[in-house]
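If you want the building blocks of each chain, they are given just below.
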Amino acid sequence: MATASETPVLDTIAAMTIDSIEHCHMDERTLIQARIAALVAMDAPAVSYLAHINPAIKADFTVEQLQDLLVAIAPVVGTARVMSAAGHIARAFGVTLALADSEAEAIAQAEADSRSTS
């Protein structure tokens, strides 16, 4: 029997993603392009894009390439989906930046606490 987890849905999605990557023979950049294009086509919410930000960064996927991707798929998925995706992607990046800021603040606070107790 599997052990209980506090995040069973996220754990399942992570496992599905790992399985998908292991069985896919695309390079990182092509894989992230396909996944982002699929998210746009589905009109996925911002949280769905959030899971793809770090892999996109690791694949050296630039903002310009993201814009090119949106331009390329616009005639197929439509302008409404592309504009919706742009907003969702911006929100996902905002969350990522907020998390990074929060993490940096926590690290700085931990360092300050460490110095004050030394």
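Our structure's up above, just so we're on the same page.
Cut-offs and rules
Residues numbered from 1 in each chain as written. Predicted model: local features only at pLDDT ≥ 70, side-chain atom pairs only at ≥ 80, totals over all residues. Heavy atoms only, no water. Helix = DSSP H or I, 4+ residues; strand = E, 2+ residues; numbered from the N terminus. Buried < 20%, exposed > 50% of the residue type's maximum accessible area, 1.4 Å probe, protein only. Contact = heavy atoms within 4.5 Å. Core = buried A, V, L, I, M, F, W, Y, C linked by side-chain atoms within 4.5 Å. Patch = residues over 30% accessible without salt bridge, like charges linked within 9 Å, V, L, I, M, F, W, Y side chains within 5 Å. Areas by Shrake-Rupley, 256 points an atom, 1.4 Å probe, with all protein chains shown as cover. Salt bridge = Lys/Arg side-chain N within 4 Å of Asp/Glu carboxyl O. 1 Å grid on protein atoms, 1.4 Å probe; cavity = no way out; pocket = protein on both sides within 12 Å on 5 of 7 lines; lining within 4 Å. Points joined across faces, edges and corners; volume = space filled by probe spheres on them. Axes fitted to C-alpha atoms, helices over the stretch in contact; angles between N-to-C directions. Parallel < 35°, antiparallel > 145°, perpendicular 65-115°, else oblique. Left-handed = near helix turned anticlockwise from the far one by under 90°. Nonpolar A, V, L, I, M, F, W, Y, C, P; charged D, E, K, R; others polar.

A.B. asks: If you had to explain the overall build of the chain to someone new, which residues and values would you point to?
C.D. replies: On a plain count of helices and strands, the chain comes out with 5 helices and 0 strands. Its helices and strands in sequence order give the chain the pattern α-α-α-α-α, from N to C terminus. Counting only residues that meet the buried cut, the chain has 21% of its 118 residues in that class. Restricting to contacts in the chain with at least 6 residues of sequence separation, those with at least 24 account for 70%.

A.B. asks: Before we move on, could you go through the nonpolar core and cite the residues and values that matter?
C.D. replies: With 19 residues, the main nonpolar core has Ile36, Val40, Tyr49 and Phe61 as its most contacted residues. Those elements that place two or more of their residues in this core are α2 (28-42), α3 (46-58), α4 (63-77) and α5 (79-117). Dropping the residues within four chain positions of it, Phe61 is found in contact with Arg29, Ile32, Gln33, Ile36, Ala56, Leu66 and Leu69.

A.B. asks: Talk me through a nonpolar patch on the surface; I want residue IDs and the actual numbers.
C.D. replies: The grouping of Val9, Leu10 and Ile13 at the surface amounts to a nonpolar patch, some 300 Å² of accessible area in total. With respect to the helices and strands, Val9 occurs in helix α1 (residues 8-22). Accessibility expressed as a relative area gives 58% for Val9, which makes it exposed.

A.B. asks: Describe the layout of surface pockets, and please don't skip the residues or the numbers.
C.D. replies: Of the pockets and cavities examined, the largest pocket occupies roughly 810 Å³. Lining the largest pocket are 24 residues, and of these Thr17, Leu50, Ala51, His52 and Pro55 lie nearest its centre. When contributions to the lining of the largest pocket are tallied by element, the ones reaching two or more residues are α1, α2, α3 and α5. At 9 residues, α3 tops the list of elements feeding residues into the lining of the largest pocket.

A.B. asks: Give a description of the side chain of Arg35 that names residues and reports values.
C.D. replies: Among the structural elements, Arg35 can be located in helix α2. Not counting the four nearest positions on each side in its chain, Arg35 is found in contact with Thr17, Ser20, Ile21 and His52.

A.B. asks: How would you sum up unusual backbone geometry? Please name residues and give values.
C.D. replies: Generally, phi is negative for residues other than glycine and the peptide bonds are trans, each holding for most cases. In this model, Asp43 sits at a positive phi of 55°, which is unusual for a non-glycine residue. Mapped onto the fold, Asp43 is located in the loop between α2 and α3. Asp43 gets classed as partly exposed once you look at its relative accessible area, which sits at 34%. Even without glycine at this site, Asp60 takes up a positive phi of about 55°.

A.B. asks: Give a detailed account of the packing of α2 against α3, specifying residues and quantitative values.
C.D. replies: α3 packs onto α2 with a crossing angle of 160° between their chain directions and a minimal axis gap of 10 Å. Looking at the two axes, α2 sits roughly antiparallel to α3. α2 and α3 meet at a crossing whose hand is left-handed. The segment α2 lies against α3, with Glu28, Ile32, Arg35, Ile36, Leu39 and Val40 engaging Ser48, Tyr49, His52, Pro55, Ala56 and Lys58. For the contact of α2 with α3, the class distribution of residues is 7 nonpolar, 2 polar and 3 charged.

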